[in-house]
Amino acid sequence: MAMENYKQFLFFLATSLSVGFVAVVFVLRWVLYFRGGLAWDGDQAEFNWHPVLTVTGFIFIQGIAIVVYRLPWTWKCSKLMMKFIHAGLNTLAFIIAIISLVAVFDFHNTKNIPNMYSLHSWVGLAAVILYALQLLLGLCIYLVPITPVSIRAAFMPIHVFSGLFIFASVIAAALMGITEKLIFSLNNPKYSSSPPEAIFVNVLGLLLLLYGALILWIATRSPWKRPSEQSAPARLTNGGGCKSDREGLTMSDSVAEVRNEPDPSSEARRRNPNQDEAGQRSTM
Ligand code: HEM
Ligand code: HEM
């Protein structure tokens, strides 16, 4: 595999996963230690599922789903298998997001609190609806085998842009939700007097922002993109799974390198780093 700046990629990947994981630990500690724990009882503890599930599923898992094609050790796996993993992780994130909405709507209805009044709820619900649409279109266009390649190619820039846009919107919604919750629930001492919970949860917000930035960085570097299928023909012979290192690609060899040739996709990218359009993507 001829990934440029492999060490840099590993650094960004390890940092983003660590930051995302710490954010999940932070949200759990927030609700368990400061906010009375988790339960499904129509009360505060039911609301608490909302931040826990959105941060874990809709942010952390969605981020992993977005960068999964870029893991160089998966480039020896068939594109179809990677599509299943990408679609599967996104579906899991979607299901968790829906459960998180059920928790907050149920809590509001039990307590007679109005629904959908805040900017947070508007941005959040819009993101969930767009995510559902993205998932449905992704499945129909890239997993249903009869969709013509021309449609797949034409839709790819939209799919990538909307995926990244939705992910950023979800982070924005989470930051608004966190701020709202702190303002609502910190009364004595008040939010403005910076009690320990406020500082702790502000840090959670920063972690989410950093996680978002790292994922967006990884997902927008063109040299880290999965090479096109043409430059690794060995994968095409491999129906569903991954080649073992011996028979297929190793982490440091591309098929082209094995043949002692320059990898055409990375050569092309070196010549024109902006050549990152849909037509360059593998099997789509
Ligand atoms: C309410 C979505 C994250 C705090 C809501 C509502 C939606 C929503 C649609 C409206 C529920 C209703 O009106 O009954 C989302 C999405 C998130 C997210 C998509 C993805 C990141 C968070 C986080 C927090 C949070 C991390 C932090 C605690 C709240 C609060 C409410 C709420 C306090 C009730 C007040 C309001 O309606 O604005 N959320 N939320 N949310 N959410 Fe979130
Ligand atoms: C690529 C987001 C669902 C198929 C991408 C990329 C993003 C993304 C951001 C760019 C990744 C990169 O450049 O490395 C999403 C989101 C989804 C979703 C947020 C769910 C809401 C799906 C589904 C499929 C799919 C269901 C069906 C298989 C693809 C394909 C690529 C892609 C084929 C091109 C990968 C490549 O060749 O580099 N998606 N996606 N996506 N997605 Fe999705």
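Use the structure listed above.
Quick caveat: nothing in here was measured; it's all calculated off a predicted structure.

**Student:** I'd like a rundown of the coordination of the iron atom of ligand 2, residues and numbers included.
**Tutor:** Those protein atoms acting as donors to the iron atom of ligand 2 are H86 (NE2) and H159 (NE2), and they sit at 2.0 Å. Residue classification places H86 among the buried positions, given a relative accessible area of 15%. Classification of H159 as buried rests on a relative accessible area of 14%.

**Student:** Please give an account of the packing of helix α6 (residues 149–185) against helix α7 (residues 196–220) that cites residues and values.
**Tutor:** For any two helices packed against each other, the geometry comes down to the angle between their axes and how far apart the axes lie. Direction vectors running N to C along α6 and α7 enclose 175°, while the axes themselves pass 10 Å from each other. When the axis of α6 is compared with that of α7, the two are roughly antiparallel. Counted by class, the contact of α6 with α7 contains 16 nonpolar, 4 polar and 1 charged residues.

**Student:** Can you explain the packing of aromatic side chains? Please cite residues and give values.
**Tutor:** One pair of aromatic rings is described through two measures. These are the centre distance and the angle between the planes. By the definition in use, this model includes 14 aromatic pairs. Ring geometry for F60 against Y211: centres 5.7 Å apart, planes inclined by 50°, an arrangement best described as tilted. Here the residue F60 occupies a position in helix α3 (residues 49–67), and Y211 occupies one in helix α7, the gap between them amounting to 151 residues. Each member of the pair, F60 as well as Y211, is classed as buried. Following the ring pairs from residue to residue traces out a cluster consisting of F9, F11, F12, W217 and W224. Looking at R29, its charged tip hangs above the ring of F200, at a distance of 5.4 Å from the centre. The positively charged end of R221 is found above the aromatic ring belonging to W217, 3.6 Å away from the centroid.

Conventions used here
- Residues numbered from 1 in each chain as written.
- Chains lettered and ligands numbered in written order.
- Predicted model: local features only at pLDDT ≥ 70, side-chain atom pairs only at ≥ 80, totals over all residues.
- Heavy atoms only, no water.
- Donors = N, O, S within 2.8 Å, 3.2 Å for Na, K, Ca; no water.
- Buried < 20%, exposed > 50% of the residue type's maximum accessible area, 1.4 Å probe, protein only.
- Axes fitted to C-alpha atoms, helices over the stretch in contact; angles between N-to-C directions.
- Helix = DSSP H or I, 4+ residues; strand = E, 2+ residues; numbered from the N terminus.
- Parallel < 35°, antiparallel > 145°, perpendicular 65-115°, else oblique.
- Nonpolar A, V, L, I, M, F, W, Y, C, P; charged D, E, K, R; others polar.
- Phe/Tyr/Trp six-rings, centres within 6.5 Å; stacked < 30°, edge-to-face > 60°.
- Lys NZ or Arg CZ within 6 Å of the ring centre and 35° of its normal.

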